[in-house]
Amino acid sequence: MNPYPTDILTSTLSPLVYIHSYFFFLLPLSLFLQSSLSHYVHERPLISISGRTMTIYSVDFLPHSPPFTPQLNPTSHSLHTSIVTCRNPNPNPNDGYSSKNSPKVGVSADTRPTHLQSHDFRDNHLMKLFNRSCKAGKFNESLYFLECLVNKGYRPGVILCTKLIKGFSNFKNIEKAVRVMEILEEYGDPDVIAYNALISGFCKANQIENAAQVFDRMKGRGFLPDIVTYNIMIGNLCGRRKLELALKLLDQLLEEDNCMPTVITYTILIEAAIVEGGINEAMKLLEQMLARGLLPDMYTYNAIIRGMCREGMVERAADLLRSLSSKGCKPDLVSYNILLRGFLNQGKWDLGEKLVTEMFSRGWEPNKVTYSILINSLCRFGRIDEAMSVLKVMVEKGLTPDTFSYDPLISSLCKEGRLDLAIGIMDYMLSNGCLPDIVNYSTILSALCKDGNPNQALEIFHKLAEMGCPPNVSSYNSMISALWSCGNRSMALSLVPEMVSKGIDPDEITYNSLISCFCRDGLMEEAIELLDDMEESGFRPSVISYNIVVLGFCKVHRIDDAIELFAEMVEKGCLPNETTYILLIEGIGFAGWRMEAMELANALFSGDVISQDSVNRLKKTFPMLDVYTELSHSETE
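Residues numbered from 1 in each chain as written. Predicted model: local features only at pLDDT ≥ 70, side-chain atom pairs only at ≥ 80, totals over all residues. Heavy atoms only, no water.

### A closer look at the overall build of the chain
Logical step 1: Broken down by element type, the chain carries 31 helices and four strands.
Logical step 2: Relative to its 637 residues, the chain shows a buried fraction of 43%.
Logical step 3: A sequence separation of at least 24 residues applies to 63% of the contacts in the chain between residues at least 6 apart.
Logical step 4: Entry remark: accessible area of the chain is about 34,000 Å², with carbon and sulfur atoms responsible for 54%. (Helix = DSSP H or I, 4+ residues; strand = E, 2+ residues; numbered from the N terminus. Buried < 20%, exposed > 50% of the residue type's maximum accessible area, 1.4 Å probe, protein only. Contact = heavy atoms within 4.5 Å. Areas by Shrake-Rupley, 256 points an atom, 1.4 Å probe, with all protein chains shown as cover.)

If you want it as structure tokens, here you go:
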């Protein structure tokens, strides 16, 4: 029974094409031209297949069934041919020649078997084709030649097969990666590295269950997983926010005798713990790591510093950074940039300046990332002119700004209505060899629409492909929303069939944007129709989609419809969130039923469905709410 999933076992390779009388073999022309055997090839007439022209070659050197390391015996002596040899074919001491005066060159027309020579020669050539295609990254051709070789008795080498597995995995062609492993298991000798490559391929394809099957299979075949195997599995689980399962795998690793966790293992887990469990969980893993005698490197410490800054613990992060020297680690430029961003995000400019001074004193020069952090932070706090000055200093220092440096400037200038200056920045980018990305263009186009220039925006939008930045689904979404917001509904809707005609499929955001546009204009029937179309197109409406329509119904005081839609989303398995309930409460309240809204809010708060903060905001929204609450309680009593 094959151990691999049944849906990926079928090989899609074409069978070998043999034409009798010298075996015509269909070889890729590009590979054939690389060979040095052109005088063994007899070109046949061109043949057209599906409008393409190809050449069939007569190849007189293909093997029948030689082993991988040939020790060939002729299978038949019936085929003979005349050959030229550079030795005396019949040495005889009585023929008048001795070893001293024997001729150096002799010619013989003796017929003798050549099956051995032709096989060896042909097999070597086929092996060369396999090696060349594999090294050139032509993995489909490589697999084709591999099939040819094993069918003739070759034992495939694990190194090239592993490269094939990695190549197919990188291109998300996991079926063919599995096929290579099947060949290697049946005809060759796989090793741990080959299994690791296949496990990694399954992980990249988000098929963790199949990766686990290969993990178990390699152990069943006597190959003990190494630390690379565990790191691949742990990393994939962490990337899928399954820290609990990753920690269980760590426990399994600790029980192994042949390998132990490394700094990399713990760093992967620490980064995941910061995201899922917070910095305190990450610090527990750091302590466990130190207790096992593993010394964290700067990558580990930088992950922790980053986690502390994300949680607002910038002073604690600064203390950790300054204590690293005593721990045998020297903070690097990445460490200082992380902490600088943390300080500036909180508006602690004085601490940021001190940190930059300290960075200089430690011998670290600000790099492109440092300046981009400064520009971004200044723009976020409305200090655009200072950000422009930083950009100027950056250029004077010989550093080349990139899109991350320009993005915040363009965005901030557009928000302030300084559109001419924003366009000037983009021109400056282009003149300095930095091509604007789709984010830059989308920002400018949205600002043009908002500024009352939709035609100019649309003209630029349709020229994006010529500018080397073809629009994608995200840019179409932004443009549709921007055009609709400035009152150009027909222009916005015309972009939908245009994007589809260009092979750009709408995504969930496209649907949500259009639904939101319809709801903002009170076109609720169209919004509901689009919500149904979204589901029919294979996109399951999310809680965001339903919340948009619930808000739309509430704005036009169609509370019954909002409640009906609420019931429908629950019935379809889409769980409402706190925002859904708040929208309904506010809709009921604004429709004139304040006491009913308050009763609903109290009931939801009692059931831990909405928070105290939400209740407090509702009290501010409906100041008379407390009076109705007291009346409600008194009537109940």
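### Focus: the packing of aromatic side chains
Logical step 1: With the rule as written, the count across this model stands at eleven aromatic pairs.
Logical step 2: Measuring from centroid to centroid gives 5.4 Å for Y195 and F223, while their planes differ by 50 degrees, and the two rings are tilted. Linking Y195 in helix α6 (residues 192-204) with F223 in the loop between α7 (208-220) and α8 (227-239), this pair joins segments that are 28 residues apart in sequence.
Logical step 3: Both rings, one in W349 and one in F381, keep their centres 5.9 Å apart while their planes meet at 75 degrees; by these two values the pair is edge-to-face. Placement of W349 in helix α15 (residues 349-361) and of F381 in the loop between α16 (368-380) and α17 (384-396) is noted, with a sequence separation of 32 residues between them.
Logical step 4: Residue classification places W349 among the buried positions, given a relative accessible area of 17%.
Logical step 5: The class for F381 is partly exposed, based on a relative accessible area of 41%.
Logical step 6: These aromatic residues form a ring-pair network of at least three members: F139, F168 and F171.
Logical step 7: A cation over a ring is seen here: R383 above W349, with NZ or CZ 4.4 Å from the ring centre. (Phe/Tyr/Trp six-rings, centres within 6.5 Å; stacked < 30°, edge-to-face > 60°. Lys NZ or Arg CZ within 6 Å of the ring centre and 35° of its normal.)

### Re helix α5 (residues 174-187)
Logical step 1: The end-to-end C-alpha distance of α5, which contains 14 residues, comes to 20 Å, matching closely the 20 Å that a straight helix rising 1.5 Å per residue would cover.
Logical step 2: Among the residues making up α5, those that are buried are I174, K176, A177, V178, R179, V180, M181, E182, I183, L184 and E185.
Logical step 3: Packing partners of the buried residues in α5 comprise α3 (139-151), α4 (158-170), α6 and α7. (Expected span 1.5 Å × (residues − 1).)

### Topic: the pattern of salt bridges
Logical step 1: Inspection of the entire model under this criterion finds 18 salt bridges.
Logical step 2: Close ionic contact of R383 with E386 constitutes a salt bridge, the shortest N to O distance being 2.8 Å.
Logical step 3: For R383, a relative accessible area of 29% translates into the label partly exposed.
Logical step 4: The closest approach of N and O atoms between E535 and K572, which form a salt bridge, is 2.9 Å. With a gap of 37 residues between them, E535 in helix α25 (residues 524-536) and K572 in the loop between α27 (559-571) and α28 (578-590) connect regions that are remote in the sequence.
Logical step 5: A relative accessible area of 35% means that K572 is categorised as partly exposed.
Logical step 6: Look at the salt bridges and you will find they share partners, linking E147, R179 and E182 into a network. (Salt bridge = Lys/Arg side-chain N within 4 Å of Asp/Glu carboxyl O.)

### So, the nonpolar core
Logical step 1: Core analysis: the largest hydrophobic core is formed by 171 residues, its most contacted members being L146, L198, I410, M479 and I515.
Logical step 2: Apart from the residues lying within four places of it in its own chain, the contact partners of M479 are L445, C449, A457, L458, F461 and L495. (Core = buried A, V, L, I, M, F, W, Y, C linked by side-chain atoms within 4.5 Å.)

### Remarks on helix α12 (residues 298-310)
Logical step 1: For α12, built from 13 residues, the straight-helix expectation of 18 Å at 1.5 Å per residue is met to within 8% by its first-to-last C-alpha distance of 18 Å.
Logical step 2: Taking burial as the measure, the 13 residues of α12 include ten buried ones, the bulk of the element.
Logical step 3: Along α12, the positions that sit buried rather than exposed are M298, T300, Y301, N302, A303, I304, I305, G307, M308 and C309.
Logical step 4: Next to the buried residues of α12 lie α10 (263-276), α11 (279-291), α13 (314-323) and α14 (333-345).
Logical step 5: Taking the backbone nitrogen of Y299 as reference, a side-chain oxygen 3.2 Å away marks D297 as the first, capping residue of α12. (Polar contact = N/O pair within 3.5 Å; in protein donor to acceptor, adjacent residues only side chain to side chain.)

### Observations concerning the environment of V334
Logical step 1: Relative to the helices and strands, V334 resides in helix α14.
Logical step 2: Overall, V334 belongs to the partly exposed group, its relative accessible area being 42%.
Logical step 3: Measuring from C-alpha to C-alpha, the distance between V334 and Y299 comes to 9.1 Å, with 35 residues separating the pair along the chain.
Logical step 4: With residues near it in sequence (within four places) discarded, V334 still touches N302 and R306.

### Some points on the confidence of the model for the chain
Logical step 1: Of all residues in the chain, 78% have pLDDT values of 70 or greater, and the mean over the chain is 79.
Logical step 2: Element-level mean pLDDT values for the chain span from 32 in strand β2 (residues 52-59) up to 97 in α14.
Logical step 3: Low pLDDT, under 50, characterises residues 5-119; the stretch is placed with 166 contacts to residues that sit more than four places away or in other chains. (pLDDT = per-residue confidence, 0-100.)

### As for unusual backbone geometry
Logical step 1: Within the chain, R241 stands out as a residue other than glycine whose phi angle is a positive 60 degrees.
Logical step 2: Structurally, R241 is set in the loop between α8 and α9 (243-254).
Logical step 3: For R241, a relative accessible area of 57% puts it in the exposed group.
Logical step 4: We note that H557 has phi near 60 degrees; this positive angle belongs to a residue other than glycine.

### Side note on the state of the cysteines
Logical step 1: Taken as a whole, this structure holds zero disulfides when the rule is applied.
Logical step 2: Cysteine C486 shares no disulfide, and the gap to the nearest cysteine sulfur, in C449, comes to 4.7 Å. (Disulfide = S-S within 2.5 Å.)

### Concerning the environment of V263
Logical step 1: Inspection of the secondary structure puts V263 in helix α10.
Logical step 2: Taking the relative accessible area as the measure of exposure, V263 reaches 18% and is therefore buried.
Logical step 3: Along the backbone, V263 and T300 are 37 residues apart, and their C-alpha atoms lie at a distance of 7.9 Å.
Logical step 4: Look past the residues within four positions of V263 in its chain and what remains in contact with it is M289, L294, L295, P296, D297 and T300.

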